Amino acid sequence: MESVSIVRASGYDYDELKKAVCELLEPLGGINAFVSSGEKVLLKPNMLSGKSPEKAVTTHPVLVQIVSELARDAGGRVVIGDSPGIGGFLSVAEKCGFYEAARKSGAALAEFKDGVELKGGGIFKSIRVARNYYEADKIINLPKLKTHEMMTLTCAVKNLFGAVIGAEKAGWHLKAGTSKSLFARLLLEIYLLKKPALNIVDAIVAMEGDGPSSGTPIKRGILIAGANAVAVDVIAARVAGIPGTLLPIEREAASLGLSGAVIEEINMLGESIQNIPAMSFKLPKGMDVQFGLPPLVTRIMKSHLTSYPAADHSICILCGICRDACPPVAIKIRNSALSVDKSRCIRCWCCRELCPHNAMGIKSGRLLRVLKKLSGKSSV
Ligand code: SF4
Ligand code: SF4
């Protein structure tokens, strides 16, 4: 059995949140069960881009500060590190509040720059991850609970994709192509290369809708923690009211027989999951829609049944960030106009994730729009 602890937390007030984090960790043995004196402890928050904490794109800095202080008090040498999807590391750290969190807790900040090539243990023969990530004695994973256009939800396992340095992420998207299960498998293989000692999920203010960067902050008032990232994700999905059938990471983890993938085998500590009020997060618009059409029809009508990115030309400033990040080079900017080549697009949604102006929208195929209207489905 894997243990997952869950507590309610009303907000990010320092004193109240510190009490809630201590309550959360107490049934798991407290911070001393995860950090020993002298160990180099890497805190891995979600540091996608330089957005203010209120946008709920990144892990809240007060939570990062508190966990950093707890790890320090347990004798750890704490480093806060990541590889932002967009923007310079220090400027992103400043905007997200991590610079201040590090200063207040006496932690160092470390950008993931230097990589180490590791032999893969599954279908990916070799995976390069950040050296500071791999060489840390302990990793404390601090994901934000958000919807995600490709993986439906991003939480503990997905947050570890940050261990892949900067632009190298695009290469992995390209390898996985349009296959969500292959990308989920990659994320699980990264997780298995170096498992975090502890995962603490910031679901106090989470994100629903068009996550992970353009969604809507939603008050959920929950903290989740556990040593097993898969089990933590399974519980996080229940907190978000999203069924496992829509979660490629959960499905893939179950098919690999990974520990923590089956909810019945998770030992809940603290608040019982049944006592957590039900809530269903709005799903991202770009998600695939399942109407149960015959596979042949779906194949023939693919372009009419699929959503693709499309820039809102009234907002887009043609900065080129999405074009430079697009793994299959499907975005072109010519004659002051941006276009997406649908035949190349693998629908990884990196362009939407990284656009700093929320200018990359979604255009659904005609038939898809009609079917959605008829079925009353907004996104599933
Ligand atoms: S869609 Fe966004 S990232 Fe792409 S060129 Fe326009 S403003 Fe820049
Ligand atoms: S256009 Fe956007 S969704 Fe399509 S492959 Fe490029 S980055 Fe991914």
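Residues numbered from 1 in each chain as written. Chains lettered and ligands numbered in written order. Predicted model: local features only at pLDDT ≥ 70, side-chain atom pairs only at ≥ 80, totals over all residues.

A. Spotlight on the overall build of the protein. Per the secondary structure count, the protein includes 14 helices and 16 strands. Whereas a compact globule of 380 residues would reach a radius of gyration of roughly 21 Å, the protein reaches 20 Å, a difference of no more than 12%. Taking the principal axes of its C-alpha atoms as reference, the protein extends roughly 60 × 45 × 40 Å. Every one of the 380 residues in the protein was classed for burial, and the buried ones make up 49%. Taking all contacts inside the protein whose residues are at least 6 apart in sequence as the whole, residues at least 24 apart take part in 75%. (Helix = DSSP H or I, 4+ residues; strand = E, 2+ residues; numbered from the N terminus. Rg over C-alpha atoms; globule rule 2.2 N^0.38 Å. Buried ≥ 20, exposed ≤ 12 C-beta atoms within 10 Å, placed from the backbone. Contact = placed C-beta atoms within 7 Å.)

B. Structural view of unusual backbone geometry. With an omega of 15°, the peptide bond running from G211 to P212 counts as cis. Examined against the element boundaries, P212 turns out to sit in the loop between strand 10 (198–208) and strand 11 (216–226). Despite not being glycine, V329 shows a phi value in the positive range, around 55°. Examined against the element boundaries, V329 turns out to sit in the loop between helix 12 (321–325) and strand 14 (331–334).

C. Inspection of the site of ligand 1 at higher detail. Inspection of the region around ligand 1 gives 13 residues, with C316, C319, I321, C322 and C355 positioned closest. By residue class, the composition of the shell around ligand 1 is 11 nonpolar, two polar and no charged. (Near = placed C-beta within 6 Å. Nonpolar A, V, L, I, M, F, W, Y, C, P; charged D, E, K, R; others polar.)

D. Examining helix 1 (residues 14–25) more closely. In this model, helix 1 (12 residues) spans 16 Å end to end at C-alpha, consistent with the 16 Å of a helix rising 1.5 Å per residue. Among all positions in helix 1, only L17, A20, V21, L24 and L25 are buried. Projection of helix 1 onto a plane perpendicular to its axis shows the buried side chains occupying an angular sector of 125°, all on one side. Of the surrounding secondary structure, the elements contacted by the buried residues of helix 1 are strand 1 (2–8), helix 2 (61–73), strand 11 and strand 12 (266–270). (Expected span 1.5 Å × (residues − 1). Arc of directions from axis to C-beta.)

E. Focus on the site of ligand 2. Residues in contact with ligand 2 amount to 14 residues; listed here are only the nearest, C326, C345, C348, C350 and C351. Broken down by class, the residue content of the shell around ligand 2 amounts to 13 nonpolar, no polar and one charged.

F. Just the domain arrangement of the protein, in detail. When cut into domains, the protein gives domain 1 (2–275) and domain 2 (307–364). Computed from C-alpha atoms alone, the centre-to-centre distance between domain 1 and domain 2 is 27 Å. On the side of domain 2, 14 residues touch domain 1, which itself brings 13 residues to the contact. Looking at side-chain class alone, the side of domain 1 that touches domain 2 contains five nonpolar, seven polar and one charged residues. (Domains from an automatic or database assignment.)

G. A look at the environment of F98. Assignment of secondary structure puts F98 in helix 4 (residues 98–105). Sequence separation between F98 and M47 is 51 residues, and the spatial gap between their C-alpha atoms is 8.9 Å. With near-sequence residues (within four places) excluded, F98 lies in contact with P45, M47, P61, V64, I80, A93 and L109.

H. Representation of the packing of helix 2 against helix 4 in the model. Packing of helix 2 against helix 4 leaves a shortest axis separation of 9 Å and a crossing angle of 25°. The orientation of helix 2 relative to helix 4 falls into the category roughly parallel. As helix 2 packs across helix 4, the resulting crossing turns out to be right-handed. Residues P61, V64, Q65, S68, E69 and R72 of helix 2 lie in contact with helix 4, whose contacting residues are F98, E100, A101, K104 and S105. Of the residues belonging to the contact of helix 2 with helix 4, the class tally is four nonpolar, three polar and four charged. (Axes fitted to C-alpha atoms, helices over the stretch in contact; angles between N-to-C directions. Parallel < 35°, antiparallel > 145°, perpendicular 65-115°, else oblique. Left-handed = near helix turned anticlockwise from the far one by under 90°.)

I. The pairing of strand 5 (residues 115–119), seen in detail. Of the strand pairs in this sheet, strand 5 and strand 6 (residues 126–130) are connected by five bridges, and their pairing is antiparallel. Pairing of G115 across the sheet is with A130, part of strand 6. Between strand 5 and strand 6, which pair antiparallel in sequence order, lie six residues. (Pairing = 2+ DSSP bridges.)

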